[in-house]
Amino acid sequence: MKHTIAVLVENEFGVLSRVVGLFSGRGFNIDSLTVAPTNDESLSRITLVTRGDEQIIEQITKQLNKLIDVIKVIDFEPENAIEREMVLVKVSAEDESRAEVLRIADIFRAKVIDVTPKSYTLEATGTPAKVAAMVELLRPLGLKELVSTGPVVIGRGARGWKG
């Protein structure tokens, strides 16, 4: 089962390496990983997606909490989180498919951010399922390149990390 885990860490050299090393050292895979400073510049937030049953996820969170620079770990439940992903997609846009690419972009509220005589580059943001659905509709038209942020997640409601 897929889990999105957020890890609040000290914004210091080597912290990301230690977190990733924890996964590789125990044979766990990371499906996606994003890292950025928070509103407090001394802290960073690592958002990662991994797969495993409850026992594996519990083991991962316990091991993460043992790392010195880790302040907090949250395994987000889908009903208590807002999850978004951003994707850039370069798709073929020959004369016969240009209108179809634009229709799909419009349906998914994607932005056209680059145009050439033979391609469009689109930017889309949404739930991972929405982004995946758009990509699957564009695939038969000739996907040339795909870049994704991977999911980022924030808890629902007024409380923040320290709330």
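In the block above lies the structure referred to throughout.
Residues numbered from 1 in each chain as written. Predicted model: local features only at pLDDT ≥ 70, side-chain atom pairs only at ≥ 80, totals over all residues. Heavy atoms only, no water.

Student: Provide a residue-level description of a nonpolar patch on the surface, including the pertinent values.
Tutor: Among the surface-exposed residues, Leu-16, Leu-33 and Val-35 lie close enough to one another that they form a single nonpolar patch of about 210 Å² accessible area. Assessed through its relative accessible area of 40%, Val-35 is described here as partly exposed. (Patch = residues over 30% accessible without salt bridge, like charges linked within 9 Å, V, L, I, M, F, W, Y side chains within 5 Å. Areas by Shrake-Rupley, 256 points an atom, 1.4 Å probe, with all protein chains shown as cover. Salt bridge = Lys/Arg side-chain N within 4 Å of Asp/Glu carboxyl O. Buried < 20%, exposed > 50% of the residue type's maximum accessible area, 1.4 Å probe, protein only.)

Student: Go over helix 3 (residues 98-107) with me, naming the residues and quoting the values.
Tutor: Turn by turn, an α-helix covers 3.6 residues, leaving residues three or four places apart pointing in a common direction. Considered for burial, the residues of helix 3 that qualify are Arg-98, Val-101, Ile-104 and Ala-105. Axial view of helix 3: buried residues confined to an arc of 130 degrees, hence all on one face. Facing away from the buried surface of helix 3 by more than 90 degrees, the exposed residues are Asp-106 and Ile-107. Against the buried residues of helix 3 lie strand 5 (81-92), strand 6 (111-116), strand 7 (119-126) and helix 4 (128-142). Of the residues trailing helix 3, Arg-109 is marked for its positive phi of about 55 degrees. (Helix = DSSP H or I, 4+ residues; strand = E, 2+ residues; numbered from the N terminus. Arc of directions from axis to C-beta. Contact = heavy atoms within 4.5 Å.)

Student: Any details on the side chain of Thr-4? Residues and values, ideally.
Tutor: Assignment of secondary structure puts Thr-4 in strand 1 (residues 2-10). A polar contact is formed between the side chain of Thr-4 and the side chain of Glu-83, at a distance of 3.0 Å. Residue contacts for Thr-4: discarding those within four places in its chain leaves Thr-47, Leu-48, Val-49, Ile-74, Asp-75, Phe-76, Glu-83 and Val-153. (Polar contact = N/O pair within 3.5 Å; in protein donor to acceptor, adjacent residues only side chain to side chain.)

Student: Outline the pairing of strand 2 (residues 30-37), listing residues and values.
Tutor: Bridge count between strand 2 and strand 3 (residues 43-51): seven bridges; the pairing is antiparallel. Counted as the bridge partner of Pro-37 is Ser-44 from strand 3. Counting the residues in the hairpin turn of strand 2 and strand 3 gives five residues. (Pairing = 2+ DSSP bridges.)

Student: Could you give me a rundown of the side chain of Glu-85, with the residues and numbers involved?
Tutor: Along the chain, Glu-85 turns up in strand 5. Nearest to the buried, unbridged Glu-85 among oppositely charged side chains is Lys-2, at 7.0 Å. Separated by 2.5 Å, the side chains of Glu-85 and Ser-148 make a polar contact. Leave out the neighbours within four places in its chain, and Glu-85 touches Ala-124, Thr-125, Gly-126, Pro-128, Val-131, Ser-148, Thr-149, Gly-150 and Pro-151. (Lys, Arg positive; Asp, Glu negative; His and termini not counted.)

Student: Give a detailed account of the packing of aromatic side chains, specifying residues and quantitative values.
Tutor: If you walk through the whole model with that rule in mind, you get one aromatic pair. Pairing Phe-23 with Phe-28 gives two aromatic rings, centres 6.4 Å apart and planes at 75 degrees, and the pair type is edge-to-face. In this pair, the class of Phe-23 matches that of Phe-28, namely buried. A cation over a ring is seen here: Arg-98 above Tyr-120, with NZ or CZ 4.6 Å from the ring centre. (Phe/Tyr/Trp six-rings, centres within 6.5 Å; stacked < 30°, edge-to-face > 60°. Lys NZ or Arg CZ within 6 Å of the ring centre and 35° of its normal.)

Student: So what's going on with the pairing of strand 7? Residues and values would help.
Tutor: With respect to burial, strand 7 is a largely interior element, six of its eight residues being buried. By the bridge criterion, eight bridges tie strand 5 to strand 7 in an arrangement that is antiparallel. Each residue of the ladder has a partner; that of Met-86, found in strand 7, is Thr-125. Two strands pair when backbone bridges link them, and strand 6 and strand 7 are joined in this way by five bridges, in the antiparallel orientation. Looking at the pairing, Val-115 lines up with Tyr-120 of strand 7. Counting the residues between successive antiparallel strands, the hairpin from strand 6 to strand 7 contains two residues.

Student: Before we move on, could you go through the pattern of salt bridges and cite the residues and values that matter?
Tutor: In the structure shown here, the tally under the stated rule is seven salt bridges. As a salt-bridge pair, Glu-83 and Lys-2 come within 3.6 Å of each other at their nearest N and O atoms. Here the residue Glu-83 occupies a position in strand 5, and Lys-2 occupies one in strand 1, the gap between them amounting to 81 residues. Note on Lys-2: relative accessible area 35%, which makes it partly exposed. Put simply, Lys-90 and Glu-145 hold a salt bridge, and the shortest N to O gap is 3.9 Å.

What is shown is where atoms sit, not what they do.
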